[in-house]
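# Close look at the chain arrangement
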Amino acid sequence: MESLLAGLLQAALAAAAAPLLTGVLRTLKARLVGRRGPSVLQPYADLRKLLGKEPVISPTTSWIFRVTPWLLASTSLVAALLVPLVFTRPTLVPAGNIILVMSLFMLATFFLALAGLDAGSAFGGLGASRSVALAALAEPTVILAVFALAIRAGTSDLGGIIERLAAEPAQAVAPGHLLALAAFFIVMLAETGRLPVDNPATHLELTMIHEAMVLEYSGHYLALVEWASAMKFLLFLALLANLFFPFGVPASLAPGPLILGVAALAAKLAGLVVALALIETAVAKLRLFRVPELLAGSFALGVVSVTSAFVLP
Amino acid sequence: MTRATTLLGFLGLVLTLLIVWRRSWPARLRLFVMHALLVASLALAVGIYAGQAGLLLVALVVAVLKGWFIPRALARIAAGTPVRPVAAGTSAGTALLAAGGLVVVAYVVMAPVAGRSTLPTAGAVPLAFATALLGLFVTVTGRDAFGHILGFLTFENGIFSLALLATYGLPSIVEAGVFLDVLVIVLIMEGVTVQIRREHDSIDVDRLRELRG
C-alpha cells in the first residue's frame, strides 16, 4: 500500500516536473547564445494557453487521431511508474523491465506515426516515415545499452541494476559501462528528438520529425502531446542519470532518504541539462541521411559494451 | 595496473571505432594523433609498472614520431583533397556494423589466450587485437590513399600495443627496428601518393581503377 502510494507520488512528481525540465533547457540554450530567452516556467504557460483553446479537428480524421494524445499521456504515466526515479522500487517494477518501458514508448511512437498519417497532410506522412525509420534504428540500441549493465548486475530489473551498481562504485568507470553510457546518450538524443537528430525549436519542413507529425493538433490535444513529449524527455534523462550514475537513489521509503532521492535526481538532471544545452549550442543538425550513421555508430558502441561485459573481468 | 592498461586499451579501441566512423580526413587525423598519444601513455604505464627504463624512451619516441612527425606527413598527403567524400553512398553505417562484428571476433579469438596468461596486462590483450583488426579493416576498405595509409598505421599501433601487453615490455631494439620500418614506409607512401596525385589529379582508389584496361 505504502509502495503504491509512493509510486503514484513519483509519477505525479514526474508529471509536474516534466515541463519545467524542458523550460530550463530552453532558457539555458537561449542564455548560451546571448538571448534573454523565456522564463523557465514558459512551458506551463503554453500548456495552460493550449488547454483553454478550442481544438480544431479535420473532418477526414478517424478515432485514431483523437485517441493518440490520450494514449501518449497514459503510456508516459505508466512508464513513470516503471522507471526508478526517486527510489529504486517503483510500484510496477515486478511487472517489467527495460523491455516493457521501451515497448510502451514504442506503442506511443507507433500511434503518433499513425495519427500523423491519419490527418492526410503531406507533412504528417513525412514526419511519420522519418520517425518510424529512426525509431527502428534507435530502439535496439537502448535495450542493448541497458543489457550491458544488466549482464554486469546479474538482473534485468531496472531497480536491481541501480542497487547493484551503487554497491560497486568501481563499476562506474569500467570501460563497458562508459561505452554503454555513450551509446545510450546518443540514442537518447534520437529518441527524444534533440539536436543532432531533430531540432525541436524549428518548423522547417526539410528537417522536422516530431513537429511534422503533431502539426495538425490543436487545443488540449496539442497540450497533451507536448506534455507527453516533455515526459518522455524527463524519463529518458532520469533513466540515463540513475542507471549510469546510480548514486543517491534510496531503496527504502523512509521520508529522509526519499527527500535525499528527490534532491539527488534534481542535481543529476540539472547536470545533464547543462551538458545537453552545451552540446546543442555547439553542434549543428545532421543531414537526415547521415543520422543512420550516427545511430549505427551508437549500435556498434552498444555491441562492444555488451561483448566487454562478457569478457572483461 | 590491470585497470589502467584495460582502460587505455579500451579508449584505444573506441578511438579506432571513431576512425572507422568519421569521414572527414582532418577529424580522422586528429583521432589518429590521439590514438598515438594513447599508445605512448600505454608504453609509459607498462614501463613504470614493469620497471623498464627502456620503455620510457620508447614512449617518448612513439609520442614524437607518431604523434607529431607522421601526422605531418599524412597531412601533406591529404592536403588539397576534399575534407570528406562528396559522392553518394559513402555512409559509414555498414562499416560500423562490420567493425562491431570484428570486435566480437577479436574477443572470441583472444579470450582463451588472455585467460592463459598470468601477466597483469592480459585483460587488455583482446582490446589491442581488436584495434589491430579494425586497423586492417580500415586499410582494406579505405576509399583513398589517405584512408589506406591511416588504416595501416592504426593497424601498426594495434600490433605495437598487442606486443607491449602480451610480453610486458619488448626489448627496445625490436621497437626501434619497427619504428624505423614504419617511418620509412610512411615517407615512401608520401612520395608515391604525391606522384599519383600529379599523374591523376586524385588519390581516390575508385578513380584509379578506371585506368585499368
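Look up a bit, the structure's there.
The text that follows walks through the structure, step by step, so that each part is easy to find. Just so you know, these numbers come straight off a predicted model, no measurement behind them.

Basis of the calculations
- Along each chain, the written sequence defines residue order, and numbers are assigned to residues from 1.
- To label them, take the chains in the order written and letter them from A, then take the ligands in the order written and number them from 1.
- Totals for whole chains, interfaces and linings use all residues, but because this is a predicted model, local features are given only for residues with pLDDT of at least 70 and pairs of side-chain atoms are given and counted only at 80 or more.
- Helix numbers and strand numbers start at the N terminus; a helix is a DSSP run of H or I with at least 4 residues, a strand a run of E with at least 2.
- Based on C-alpha atoms, the radius of gyration is set beside the globule rule, defined as 2.2 Å times the residue count to the power 0.38.
- Here the C-beta atoms are placed from the backbone, and a residue counts as buried if at least 20 other C-beta atoms lie within 10 Å of its own, exposed if 12 or fewer do, and partly exposed otherwise.
- Here contacts are defined at the residue level, using C-beta atoms placed from the backbone and a cut-off of 7 Å between them.
- Here a nonpolar core is just a set of buried residues of the types Ala, Val, Leu, Ile, Met, Phe, Trp, Tyr and Cys, joined wherever their C-beta atoms sit within 7 Å.
- Just so you know the grouping, Ala, Val, Leu, Ile, Met, Phe, Trp, Tyr, Cys and Pro go in nonpolar, Asp, Glu, Lys and Arg go in charged, and all remaining residues, Gly too, go in polar.
- With axes taken as lines fitted to C-alpha atoms, and helix axes fitted only over the stretch in contact, angles between N-to-C directions fall between 0 and 180 degrees.
- In this scheme, roughly parallel covers angles under 35 degrees and roughly antiparallel covers those over 145, while 65 to 115 is roughly perpendicular and the rest are oblique.
- By convention the crossing between two helices is left-handed if the near helix lies anticlockwise of the far one by an angle smaller than a right angle, and right-handed if it lies clockwise.
- Expected helix span is given by 1.5 Å per residue-to-residue step, counting one fewer step than there are residues.

### Re the overall build of chain A
Across its full length, chain A carries 11 helices and 0 strands. Scanning chain A from its N terminus toward the C terminus, one meets helices and strands in the order α-α-α-α-α-α-α-α-α-α-α. Expected size for 313 residues packed as a compact globule is a radius of gyration near 20 Å; at 19 Å, chain A falls within 12% of this value. Based on the C-alpha atoms only, the size of chain A along its principal axes is roughly 60 × 45 × 40 Å. When burial is assessed residue by residue, chain A has 49% of its 313 residues classed as buried. Taking the intrachain contacts of chain A between residues at least 6 apart in sequence as the baseline, contacts between residues at least 24 apart amount to 77%.

### What about the nonpolar core?
In summary, soluble globular proteins display a tendency toward joint burial of nonpolar side chains. Counting residues in each nonpolar core, the largest one holds 156 residues, and the members touching the most others are Val83(A), Val187(A), Leu234(A), Leu235(A), Ala238(A) and Ala43(B). With 19 residues, the single largest contributor to this core is helix α9 (residues 219–244) of chain A. If sequence neighbours within four positions are ignored, Leu235(A) has contacts with Ala14(A), Ser76(A), Ala79(A), Ala80(A) and Val83(A).

### Some details on the interface of chain B and chain A
Taken together, the 19 residues of chain B in the interface contact 13 residues of chain A. Put simply, the parts of the chain that give the side of chain B that touches chain A at least two residues each are α1 (2–21) and α4 (93–116) of chain B. If one sorts the elements of the side of chain B that touches chain A by residue count, α4(B) sits on top with 9 residues. Split by residue class, the side of chain B that touches chain A holds 14 nonpolar, 5 polar and no charged.

### Brief notes about the packing of α1(B) against helix α6 (residues 145–167) of chain B
Residue and element names in this part refer to chain B. With their axes 12 Å apart at the nearest point, α1 and α6 run at an angle of 165 degrees to one another. With respect to each other, α1 and α6 are oriented roughly antiparallel. In terms of crossing hand, the pair formed by α1 and α6 is left-handed. Here Thr 5, Gly 9, Gly 12, Thr 16 and Ile 19 of α1 come into contact with α6, specifically with Leu 150, Thr 154, Ser 161 and Leu 165.

### Notes on helix α2 (residues 25–50) of chain B
Across its 26 residues, α2(B) extends 37 Å between first and last C-alpha, which sits within 8% of the 38 Å expected from 1.5 Å per residue. Following α2(B) by one or two positions, Gly51(B) adopts a phi angle in the positive range, close to 70 degrees.

### Topic: helix α5 (residues 125–141) of chain B
Between the first and last C-alpha of α5(B) there are 24 Å, a value that for 17 residues agrees with the 24 Å anticipated at 1.5 Å per step. Most of α5(B) is tucked away: 13 of the 17 residues are buried.

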